[in-house]
Amino acid sequence: MAEEVKSFSDLKSTLIKAPAPETKAEVAESSQPNRDAQGRAYATGKRKDAVARVWIKPGRGKITVNGKEENIYFARPVLRMILRQPLIAANRDGQFDVIVTVAGGGLSGQAGAVRHGISKALIAYEPSLRSLLKQGGFLTRDPRTVERKKYGRPKARRSFQFSKR
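Let us look at the structure shown here. (Residues numbered from 1 in each chain as written. Predicted model: local features only at pLDDT ≥ 70, side-chain atom pairs only at ≥ 80, totals over all residues. Heavy atoms only, no water.)

## Some thoughts on the nonpolar core
- If you look at the biggest cluster of nonpolar residues, it comprises 32 residues, and the most contacted ones within it are Val54, Ile56, Phe74, Val100, Val114, Leu122 and Leu133.
- Elements with a minimum of two residues in this core: strand S1 (41-47), strand S2 (50-58), strand S3 (63-65), helix H4 (77-89), strand S5 (96-103) and helix H5 (107-125).
- A total of nine residues in this core trace back to one element, the largest contributor, which is H5.
- Setting aside anything within four residues of it in sequence, one finds Phe74 in contact with Val65, Leu79, Arg80, Leu83, Leu107, Gln110, Ala111 and Val114. (Core = buried A, V, L, I, M, F, W, Y, C linked by side-chain atoms within 4.5 Å. Buried < 20%, exposed > 50% of the residue type's maximum accessible area, 1.4 Å probe, protein only. Helix = DSSP H or I, 4+ residues; strand = E, 2+ residues; numbered from the N terminus. Contact = heavy atoms within 4.5 Å.)

See the structure below:
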């Protein structure tokens, strides 16, 4: 059963030691850029049912989505604007080539997932941009999803038309 503790020194010896606080070197190491052998930063972005895998590397600002250019894949200007929001907010538009693989959901959800992924990849490449992107709300994953259909109803909340007969 439990051991009997008779003094504070006995109690102190039985407690598990808490981990030591991080040193300045460990904190500085965690804020280092996270890049692979080719100099790319990777991140995953999500929105609704869409998942985007994003790689960024220094370049001329070309955005490729599923092997197509951004203006072909996302034909609507609003969706292209959503994609570029984190780059414009960080003042890095035209400085990075972005390669994206996105799947699931519709075009709007995919654009939001790519935006989220680009934001996270920018932070992996340049950790100093975190406060700027966090302030703009680009790092928060939008939790809204489609509500499930309930039994006895034609949709999630819609009910059948009432009839007196």
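## Thoughts on the sheet that holds S3
- Strand order across the open sheet formed by five strands is S1-S2-S5-S3-S4, with mixed pairing between neighbours. Each having just a single partner strand, S1 and strand S4 (68-69) make up the two edges of the open sheet.
- Pairing of S2 with S5 involves eight bridges; the strand directions are antiparallel. Counterpart to Ile56 in the pairing with S5 is Val98. (Pairing = 2+ DSSP bridges.)

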